[in-house]
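Descriptive analysis of the structure
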Amino acid sequence: DPRPQERAPTMMKLTVGRGHRAATTVARRLAHVPAAAAGRLRVDDKLKAFVDDELLPGTGVAPSKFWDGLSSILEDMAPRNRALLDRRDELQAQLDAWHRANPGTPDPTAYAALLESSGYLAPAAPPFEVCSQHVDPELALVAGPQLVCPVDNARFIVNAANARWGSLLDAIYGTDVLPGDRAGAYKPERGAAAFGVAHSLLDERFPLEGEATWSDVTALSVAMRDGGAASLQLSLASGGEASLRDGAQFVGFLPGVPTARSVLLGKNGLHVELQVDRSHRIGATHAAGIKDVQVESALSAICDMEDSACTVDAADKIVAYGNWLGLMRGELSVPMSKGGKEVLREMNGDRTWTSAAGPGSVTLPGRALLLCRNVGLHMYTDAVMLGSEEVPEGIVDAMVTAAAAMHDLQGNSRVTNSKTGSVYIVKPKMHGPEEGAFTAELFSRVEGELGLPLHTLKVGVMDEERRTSLNLRQMMAATKERLFFINTGFLDRTGDEIHTSMEAGPMMLKADLKGAPWYSNYEESNVDCGVALKLVGKGQIGKGMWAAPDDMAKMVRDKGAQLAAGASTAWVPSPTAATLHALHYHATSVKEVQGGMAARAAEIASRASSQAAGLMTIPLLPAGGKSLSADAIQRDLDNNAQGLLGYVVRWVGQGVGCSKVPDFDNVQLMEDRATLRISSQHIANWLHHGVVNEEQVLETVKRMAAVVDKQNLGERGYKPLAPSFDGPEWHAALELIFKGRDIPNGYTEETLSRWRRVRKAMEEVEEVEQLFSKDAGGGKDELKKPAPEVQISPSPPPRPHA
């Protein structure tokens, strides 16, 4: 029977070595037994040691102050956190009942009346403007790319921090932006072609006077003028000279003999550095000796504890917290091998040039401004217990995130993150303004307990849940003193669109969901709210992720549209993507786009009601899907099942929260829990409404398991799904599908985390087995005793948010 809800609980019988210690470890993990006390709290012993011995020294906050403060916040706010989750469930139950009584596309008037009477639509907020202060220019003033990176991976997160600058030549040479073979050793002809693309881009962004082009340049010189100002003079192959068409684009330089070693150009607040070195193997091939074109790329980076991370217990969280602490101290480093040598990758320092405008220098950050995404209100942890109850993980996150950032705020860091004295916390998966107000109050409480000035902690609001989209103005009002961005997380938003209207009918084909009316109104409304409520100049209006990291040519063609729509930042999946996406910000002045929108305030206000109507349009299949061919249905089911399994096997089996996962057509896509939410909810919806049946789904999932196993063949540590179909990865996948309709808000975290803990317990058992097997012939009586049998019975999904 493929339906887990009608099965007896899955029992996994594990033989645990030849001693009792391993059995105790397994039982302790699954029984959620903490090991240390901290005031009125019970805290995992290693987490407490991390906080007391690593996090707090240097902040001026004593451990007793930290734990007493956390306890006070939890005693007051944990019950209210639970009440907010109960309110989500109450509203969902009302929607479900209404849709069952009124199936199909609802009458717009009756549907709007339901949302208003239930409180799903909040009362209009009184007139207000966003009034956040002390926001760094990377968020408030300058438009540019934003990276998102799991903070539990030290190598990834150091690379993300250092992605402020990236090589344009590498980005062109190493991607499909330049067609042709890029594998193997360096190809001089491809390198020359990469320079050709770079020259064309420079011609567009930094044009020269007359008919001269950057491919004509043979030398870059700096001429000093009276008063200390400088001008850029470019020697041409024809024997003549040229200058920039706009001399103000020349920002700085590093002097050299006979030519400048570096020339810094600027446009729309971003910078490009031309590095000159004729002795370099690349510079020696260029007419002007240019060895690289460095582009200011990721202005900011989200250090993610949520969707792209995999943290299921105290040990995992300590890794994530430790990496964030290392970033805030400026000391996080990663040993790695490069060119056959062991090197230490550290956080980059700032960069300084001689100013072209006159005496003095120009210093620019060498790192992205770092933000931290905490988990949502629905996540609970047993790493900290209040009495016998697990506590909201997001409250613990807020305390630790802020305490770590105090090292930066107090000048204890090797490098500076925020130059304005702020800490930036992205808060995901909030449903409506009540949860926004709760978060703002939580941040105030954390500031009070840690002795931080009011409004030090800023909040980034992810507009990724339907109730937030329909109440975005009210959400912004609730967070107006702290708001530093609103971002359309369209992937999670799609998953919530499906789950919220689960009972209304079968949803469109997955590929068609983005073309439905709700989506365009969602994206447009987000920008309109940001402009109308004066977020511009105080924070960002953000757009979502480019999910195809190997398709950079298409990204370069298409992603600029997000800026033309009014976004001041958009997410990218890699440092290379950040470098290429930065080119869009040279081509489009976001400041001018947003200024033009602000001048049309009346037009923006007039379309709010039509946007709300579009947001309330449910993306259902016409005629309940009866017009779909069997092939179209199966293709969509195959795609969903393959993507779901491809992600789950890495999350549960390997603890990888975000990675490139090949899709059904072997196209590498960046997957995280948001994409998993879509796939699982889409299958659950079609299953519920009879577009597919249980036997068809189970057959498809088994067939796709073989595909996923083949795609991961040779992957270190990979646990095949077939032929046993009985590992934690398999059971997690089935649960997400067959219980997807009942999982609160369609979130995947609880299922993934529970089965990941089972896999970790099994791995501990295997390690102990291997350890004792080495001594099997030692003749010790203890080793001859039969191994104890441990039963691991992951409970079925609990009641909502239990």
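What counts, and where the lines are drawn
Residues numbered from 1 in each chain as written. Predicted model: local features only at pLDDT ≥ 70, side-chain atom pairs only at ≥ 80, totals over all residues. Heavy atoms only, no water. pLDDT = per-residue confidence, 0-100. Contact = heavy atoms within 4.5 Å. Helix = DSSP H or I, 4+ residues; strand = E, 2+ residues; numbered from the N terminus. Buried < 20%, exposed > 50% of the residue type's maximum accessible area, 1.4 Å probe, protein only. Polar contact = N/O pair within 3.5 Å; in protein donor to acceptor, adjacent residues only side chain to side chain. Pairing = 2+ DSSP bridges. Phe/Tyr/Trp six-rings, centres within 6.5 Å; stacked < 30°, edge-to-face > 60°. Lys NZ or Arg CZ within 6 Å of the ring centre and 35° of its normal. Axes fitted to C-alpha atoms, helices over the stretch in contact; angles between N-to-C directions. Core = buried A, V, L, I, M, F, W, Y, C linked by side-chain atoms within 4.5 Å. Disulfide = S-S within 2.5 Å. Salt bridge = Lys/Arg side-chain N within 4 Å of Asp/Glu carboxyl O.

**Some thoughts on the confidence of the model for the protein**
Mean pLDDT over the protein works out to 91, with 92% of the residues at or above the 70 mark. Note on residues 1-34: pLDDT under 50 across the span, and 91 contacts to partners over four residues away in sequence or across chains. Predicted confidence is poor over residues 779-793, with pLDDT under 50, and the contacts of this stretch with residues over four places away or in other chains come to 37 contacts.

**Remarks on the environment of V51**
As for its position among the elements, V51 is in helix α2 (residues 45-55). Here V51 falls in the buried class, since its relative accessible area comes to 1%. Between the alpha carbons of V51 and A403 there is a distance of 9.3 Å; along the sequence they are 352 residues apart. With residues near it in sequence (within four places) discarded, V51 still touches L56, P57, F66 and W67.

**Some points on the side chain of S132**
Structurally, S132 is set in the loop between α4 (108-118) and α5 (137-140). A polar side-chain atom of S132 sits 3.3 Å from the main-chain carbonyl oxygen of K480. Excluding anything up to four places from it in sequence, S132 contacts K480, E481, R482, L483 and K538.

**Overview of the sheet that holds strand β8 (residues 241-242)**
Pairing is antiparallel across the open sheet formed by three strands, whose spatial order is β6-β7-β8. Of all strands in the sheet, those with a lone pairing partner are β6 (217-224) and β8, marking the two edges. Where β6 meets strand β7 (residues 230-236), seven bridges bridge the pair, whose relative direction is antiparallel. Across the sheet, residue L220 finds its bridge partner in β7, namely L234.

**Quick word on the packing of aromatic side chains**
Overall, the coordinates contain twelve aromatic pairs when judged by the stated rule. Ring geometry for W518 versus Y519: centroids 5.7 Å apart, planes at 85°, classification edge-to-face. For W518, a relative accessible area of 0% corresponds to the buried category. With a relative accessible area of 14%, Y519 lands in the buried category. Through a chain of ring-to-ring contacts, the aromatic side chains of F490, W518, Y519 and Y522 assemble into a single cluster. One Lys or Arg, R281, reaches over the ring of Y186 and ends 5.2 Å from the middle of that ring. A cation sits over an aromatic face here: R493 above Y522, 5.1 Å from the ring centre.

**Brief notes about the sheet that holds strand β4 (residues 146-150)**
In spatial order, the strands read β4-β13-β18-β21-β22-β23-β24-β25; together these eight strands close into a barrel with parallel pairing. If you compare each strand with its neighbour and ignore which way they point, the axes differ by 30° on average. Here strand β24 (residues 540-543) runs beside strand β25 (residues 569-572); their pairing, made up of two bridges, is parallel. Looking at β25, one finds that K543 is bridged to A570.

**As for the nonpolar core**
In globular proteins that are soluble, nonpolar side chains generally tend to be buried together. Of all hydrophobic cores here, the largest spans 133 residues; its most connected members are F66 and W214. Of all the elements, helix α10 (residues 393-409) adds the most residues to this core, at ten residues. When neighbours within four sequence positions are excluded, F66 is seen to be in contact with V51, L55, L56, V61, M399, V400, A403 and L450. Residues V312, L509, M704 and F725 belong to the second largest nonpolar core, which totals 41 residues.

**Notes on the state of the cysteines**
Applying the stated criterion across every chain, the model contains zero disulfides. Looking at the unpaired C149, the closest cysteine sulfur is the one in C303, lying at 7.3 Å. Here C149 falls in the buried class, since its relative accessible area comes to 7%. We note that C303 lacks a disulfide partner, and the nearest cysteine sulfur, in C372, lies 6.3 Å from it. Using a relative accessible area of 0% as the deciding quantity, one classes C303 as buried.

**As for the pattern of salt bridges**
What the rule picks out here adds up to 49 salt bridges. Notably, a salt bridge pairs E90 with R87, separated by 2.9 Å at the nearest N-O pair. Of the two residues, E90 and R87 both sit in helix α3 (residues 63-101), three residues apart, roughly one turn of that helix. The network of salt bridges with shared partners includes D304, E306, D307, R373, K429, E465, D492, D496, R673, R677 and E749.

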